[in-house]
Structures are given as structure tokens and as C-alpha cells.
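Here is how the chains run, residue by residue.
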Amino acid sequence: MPTEFSHLLSSFDPETGEIAGAKPQYRRLSDLRGCFADGAAYDAALAQGDPLVYSVCACEAATGPGDLCYGIGRIMAGRVGREYYMTKGHLHTWRDAAELYFGISGEGMMLLEDHRTGDSRAIALLPNHAVYVPGHNAHRTVNTGSRPLVYIGVYPATAGHDYAAIKERNFRSVVVEQGGRPALRSREDYLRDPAGPGPGALR
Ligand code: PAN
Ligand code: ZN
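The rules behind the values
Residues numbered from 1 in each chain as written. Chains lettered and ligands numbered in written order. Predicted model: local features only at pLDDT ≥ 70, side-chain atom pairs only at ≥ 80, totals over all residues. Heavy atoms only, no water. Phe/Tyr/Trp six-rings, centres within 6.5 Å; stacked < 30°, edge-to-face > 60°. Helix = DSSP H or I, 4+ residues; strand = E, 2+ residues; numbered from the N terminus. Buried < 20%, exposed > 50% of the residue type's maximum accessible area, 1.4 Å probe, protein only. Lys NZ or Arg CZ within 6 Å of the ring centre and 35° of its normal. Donors = N, O, S within 2.8 Å, 3.2 Å for Na, K, Ca; no water. Tetrahedral: all angles 85-135°; square planar, octahedral: opposite > 155°, others 65-115°. 1 Å grid on protein atoms, 1.4 Å probe; cavity = no way out; pocket = protein on both sides within 12 Å on 5 of 7 lines; lining within 4 Å. Points joined across faces, edges and corners; volume = space filled by probe spheres on them. Nonpolar A, V, L, I, M, F, W, Y, C, P; charged D, E, K, R; others polar. Contact = heavy atoms within 4.5 Å. Near = heavy atom within 4 Å. Polar contact = N/O pair within 3.5 Å; in protein donor to acceptor, adjacent residues only side chain to side chain. Areas by Shrake-Rupley, 256 points an atom, 1.4 Å probe, with all protein chains shown as cover. Sits in = over half its atoms within 2 Å of the grid points. Pairing = 2+ DSSP bridges. Axes fitted to C-alpha atoms, helices over the stretch in contact; angles between N-to-C directions.

1. A few points about the packing of aromatic side chains
At step 1: In this structure the tally under the stated criterion is four aromatic pairs.
At step 2: The interplanar angle of 70° and the centroid separation of 6.3 Å between the aromatic rings of Phe12 and Tyr70 together place this pair among those described as edge-to-face. Here the residue Phe12 occupies a position in strand S1 (residues 12–13), and Tyr70 occupies one in strand S5 (residues 68–75), the gap between them amounting to 58 residues.
At step 3: With a relative accessible area of 14%, Tyr70 lands in the buried category.
At step 4: Taken together through their ring pairs, the aromatic side chains of Phe36, Tyr42 and Tyr85 make up a single cluster.
At step 5: Against the face of Tyr163 rests Lys88, its NZ or CZ located 5.9 Å from the ring centre.

2. Re the coordination of the zinc ion (ligand 2)
At step 1: Taken together, the protein ligands of the zinc ion (ligand 2) are His90 (NE2), His92 (NE2), Glu99 (OE) and His139 (NE2), with distances of 2.1 to 2.3 Å.
At step 2: Around the zinc ion (ligand 2), the six donor atoms are arranged such that angles at the metal cover 74 to 173°; this shape is classified as octahedral.
At step 3: One chain supplies every donor to the zinc ion (ligand 2), and in sequence these donors are spaced H-x1-H-x6-E-x39-H.
At step 4: Of the residues examined, Glu99 reaches a relative accessible area of 4% and is grouped as buried.

3. Points about empty space enclosed by the protein
At step 1: Evaluation of the coordinates by the stated rule reveals one cavity of 30 Å³ or more.
At step 2: Approximately 40 Å³ is the volume attributed to the largest cavity.
At step 3: Split by residue class, the lining of the largest cavity holds five nonpolar, five polar and one charged.

4. Describing the layout of surface pockets
At step 1: Roughly 440 Å³ of internal volume is contained in the largest pocket.
At step 2: Val56, His90, Tyr155, His161 and Tyr163 are the residues nearest the centre of the largest pocket, which is lined by 24 residues in total.
At step 3: If you list the elements that add at least two residues to the lining of the largest pocket, you get strand S3 (25–28), strand S4 (52–59), S5, strand S9 (99–105), strand S13 (137–143) and strand S14 (149–156).
At step 4: Looking at the lining of the largest pocket element by element, the count peaks at four residues for S4.
At step 5: Considering only residue class, the lining of the largest pocket consists of nine nonpolar, 10 polar and five charged.

5. With respect to the environment of Lys23
At step 1: Locating Lys23 in the fold gives a position in the loop between strand S2 (18–19) and S3.
At step 2: The class of Lys23 is exposed, set by a relative accessible area of 73%.
At step 3: Separated by 67 residues in sequence, Lys23 and His90 have C-alpha atoms that sit 20 Å apart.
At step 4: Those residues in contact with Lys23 that lie beyond four places of it in its chain are Val56 and Cys57.

6. Observations concerning the site of ligand 1
At step 1: Near ligand 1 there are 13 residues, and of these Tyr54, Tyr101, Tyr151, His161 and Tyr163 occur at the shortest range.
At step 2: The separation between an oxygen atom of ligand 1 and a polar side-chain atom of Tyr101 is 2.5 Å.
At step 3: Within the contact set of ligand 1, an oxygen atom lies 3.2 Å away from a side-chain nitrogen or oxygen of His139.
At step 4: Burial of ligand 1 by the protein amounts to 97% of the accessible area it has alone, namely 390 Å².
At step 5: One can see that ligand 1 is located within the largest pocket.
At step 6: Elements represented by at least two residues in the shell around ligand 1 include exactly S4, S9 and S14.
At step 7: Partitioned by chemical class, the residues of the shell around ligand 1 number six nonpolar, six polar and one charged.

7. Here's the deal with the sheet that holds S3
At step 1: In spatial order, the strands read S3-S4-S5-S14-S9-S12; together these six strands make up an open sheet with antiparallel pairing. Edge positions in the sheet fall to S3 and strand S12 (130–133), since each has one partner strand and no second. Strand-to-strand twist of the sheet, defined as the mean angle between neighbouring strand axes without regard to direction, takes the value 20°.
At step 2: The sheet contact formed by S5 and S14 spans eight bridges and is antiparallel. Its bridge partner lying in S14, Tyr70 is registered against Val154.

Honestly, that's just the spatial picture; any functional story needs more than this.
And the structure:
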């Protein structure tokens, strides 16, 4: 079996989320300042330690126009306040660039927010399911389960990752635990009433 990836063949480990020959990036809680809505809950969690929140490993061997890349994400189970562990989230620098996500294991959601309209959606990300992320949608992956969420995202090599817009104004919506289930709520609404009105609205 090959140990290095090439343009044509690469191997990945669905348990660890690692791609042979590629260097994983690790995002700890301290790397996610400003991402979670509840700042006090974030500071309190960080005072207890700086756990790994997620890792991402990318195969970006092909770089030309028309080429494709993929990344494997592995998000740990956990929450800050009621908000589940999640990725930083980004827009593609090339705003038209879409992406396909495939669930490998665990249970999660894709939080999509159209930067032109501000509309938010949360789509289940489950094993044996694919989620299409259209262009112009900021996307963030959320682990709503009790074990690691592992998934693959396939994107154009020329997509580029723009984190600046998200860092500046964050997503308008949050995926939070409500009545034991994930719910999509506006960030303002969540901060006003963290427990929420009742059981979550999402399946
Ligand atoms: C994914 C993401 C991965 C990590 O491969 O890069 O889920 O999320 P952040 O990049 O927001 O930290 C992807 O969407 N690539 O385009
Ligand atoms: Zn992306």
C-alpha cells in the first residue's frame, strides 16, 4: 500500500481522520476564541484546560484550475455552554466554489449561512449521507453527538479559505442543545434565553 499521497491515490484512516503523508492541523479551544456565542462559558471552559476541539487533514496535491482537493475533519464531542463543539467555519475565497461533504462516522450538522442574504440552515451530516454546500455559503461543521464526528469535504483546488469575514462577525445562528436535542437558534435569541423555549427543532 502507498504511504504517500499523490494526485491519483491517497489513503486515509477513518478513525483518526489522518491522510497518509499529510500533516494534520489541530484546533484547540484556545484557537476558537470568538467562535462560541457565550463568551463567559468559553472563558470558564478555557480556565479548566485547553482541549482539542477538532483536527483537519487535507490532501491538496493537485492545485490547478479544475482540480479537486479533499479534507478530513474530526470533531470531538463536547459543548461550550449549550453550543456544540464545531469548526471555525469559513467562506471560500472564490465565493462561487461549492463543496461536497460526506459523513463517515458520528452525528453532526452543517451550519450554512448565505453571506448575501444572511439566511441560515442546518443540515444533518450523518454516515452514508452527502451534504451539498452551495457557493456563497459560509459553512461550519458541528458535532451534535457523543462521539467524534468524522467527515470528508471535497472542494475545488482554487476555492481558498477565507476566515476573516467569519472572525469579524461570526455566524448569525448557533446549533445548541435544547431539551436534549440540537436546535438551530439565532445567536441573539440564544444569548437572551440560553435554555430556550423547549425541545430542539432539528432532527
Ligand atoms: C473543510 C474544512 C474543515 C475544517 O475541509 O476546512 O471542516 O473547518 P475550518 O476550515 O472552518 O477550520 C472545508 O470546508 N474545506 O473547504
Ligand atoms: Zn470549505
